[in-house]
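# Geometric and topological summary
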Amino acid sequence: MALDLTAPPAGFLAFWREKHVSTLTTPRPDGTPHVVPVGVTYDPDERLARIITGGATTKVCHVRAAGPEGARVAVCQLAGRYWSTLEGTATVSEDPARVADAERRYAVRYLREPRENPSRVVIEIAVSRAMGNLPQA
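None of the values given here were measured: they were computed from a predicted structure. (Residues numbered from 1 in each chain as written. Predicted model: local features only at pLDDT ≥ 70, side-chain atom pairs only at ≥ 80, totals over all residues. Heavy atoms only, no water.)

## Brief notes about the overall build of the protein chain
Condition: The helix count covers DSSP runs of H or I at least four residues long, the strand count covers runs of E at least two residues long, and both are numbered beginning at the N terminus. With the radius of gyration taken over C-alpha atoms, the globule rule is written as 2.2 Å times the number of residues to the power 0.38. For every residue, the accessible area (1.4 Å probe, protein chains only) is compared with the maximum for its type, and the residue is labelled buried under 20%, exposed over 50%, or partly exposed between those bounds. In what follows, a contact means two residues having at least one pair of non-hydrogen atoms within 4.5 Å.
Scanning the protein chain from terminus to terminus reveals three helices and eight strands. Taken from the N to the C terminus, the helices and strands of the protein chain come in the order β-α-β-β-β-β-α-β-β-α-β. A compact globule built from 137 residues should have a C-alpha radius of gyration of about 14 Å, and the protein chain, at 14 Å, falls within 12% of that. Along the first, second and third principal axes, the C-alpha atoms of the protein chain reach 40 × 35 × 25 Å. Across the 137 residues in the protein chain, those meeting the buried criterion constitute 45%. Within the protein chain, counting contacts between residues at least 6 apart in sequence, those at least 24 apart form 70% of the total.

Written out as structure tokens, the structure is:
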């Protein structure tokens, strides 16, 4: 079921605040999907999903390989029969303020500080579409 990002349902917002492991799907250079588990946060006001990770990871390489316009990606999370997917364009930022903001958001959602990582970057996804089967708030 497609969701209206201009007026997202309360159940959708609650689901993206709960502690869930998600998957990130990025395109490999040959176009096939690369799917890995990630922690992700979502800011509905900015329509921005954030993933903190090491700068040399395969997922970061895939996003960077797409060029300055970014890569089309999807993040998905599920809990039993409930699920939600965010689709959008991903870019990578090394900006210390953006990385710190993403780390802070991660700590709030996952109830723990991220481990120390001097090569950390943030994958930022400008969300353009959302869908899911979600509990009613």
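## What about the pairing of strand E7 (residues 82–93)?
In the case of a regular strand, side chains alternate between the two sheet surfaces. In plain terms, the rule: For two strands to be treated as a pair, DSSP must find at least two bridges joining them.
As judged from the nine bridges shared by strand E6 (residues 71–79) and E7, these two strands associate in the antiparallel manner. The partner of Leu78 across the bridge, within E7, is Trp83. Where E6 hands over to E7, the hairpin turn is made up of two residues, of which Gly80 adopts a positive phi near 60°. Note: E7 against strand E8 (residues 120–133), eleven bridges, orientation antiparallel. When the sheet's bridge partners are listed, Thr91 is paired in E8 with Glu124.

## What to know about the pattern of salt bridges
The line we're drawing: Salt bridges are counted wherever a side-chain nitrogen of Lys or Arg sits within 4 Å of a carboxyl oxygen of Asp or Glu.
For the structure shown, the criterion picks out ten salt bridges. Of the charged contacts in the structure, one is a salt bridge between Arg50 and Asp101, with a shortest N-O distance of 3.6 Å. Highlighted residues: Arg50 in strand E5 (residues 48–54) and Asp101 in helix H3 (residues 96–110), separated in sequence by 51 residues. Between Glu103 and Arg120 there is a salt bridge, with its nearest N and O atoms 2.7 Å apart. Taken together, the residues Glu103 in helix H3 and Arg120 in strand E8 connect sequence positions 17 residues apart. Accessibility expressed as a relative area gives 12% for Arg120, which makes it buried. Through salt bridges that share partners, Asp43, Glu46, Arg50, Asp101, Arg104 and Arg105 make up one connected network.

## Points about unusual backbone geometry
Positive phi, close to 50°, is recorded for Arg47, a residue that is not glycine. With a phi close to 60°, Leu111 is a non-glycine residue in the positive phi region. Mapping Leu111 onto the fold places it in the loop between H3 and E8. Look at Leu111 and you get exposed, because its relative accessible area is 71%.

## Some thoughts on H3
The test is simple: How far a helix is expected to stretch is found by multiplying one less than its residue total by 1.5 Å. For this quantity, the arc is that covered by the directions from the helix axis to the C-beta atoms. What qualifies as a polar contact is a pair of N or O atoms within 3.5 Å, subject to a donor-acceptor requirement within protein and to the restriction that residues adjacent in sequence count only when both atoms come from side chains.
For H3, built from 15 residues, the straight-helix expectation of 21 Å at 1.5 Å per residue is met to within 8% by its first-to-last C-alpha distance of 21 Å. Those residues of H3 that fall on the buried side of the exposure criterion are Val99, Ala102, Tyr106, Ala107, Arg109 and Tyr110. Down the axis of H3, the buried set is contained in an arc of 165°. They therefore lie on one face. Turned more than 90 degrees away from the buried face of H3 sit Ala97 and Val108, all of them exposed. Its side-chain oxygen 3.1 Å from the backbone nitrogen of Ala97, Asp95 forms the N-cap of H3. The positive-phi residue at the C-terminal boundary of H3 is Leu111, with phi of around 60°.

From the geometry alone we can't say anything about function, so treat these as descriptive.
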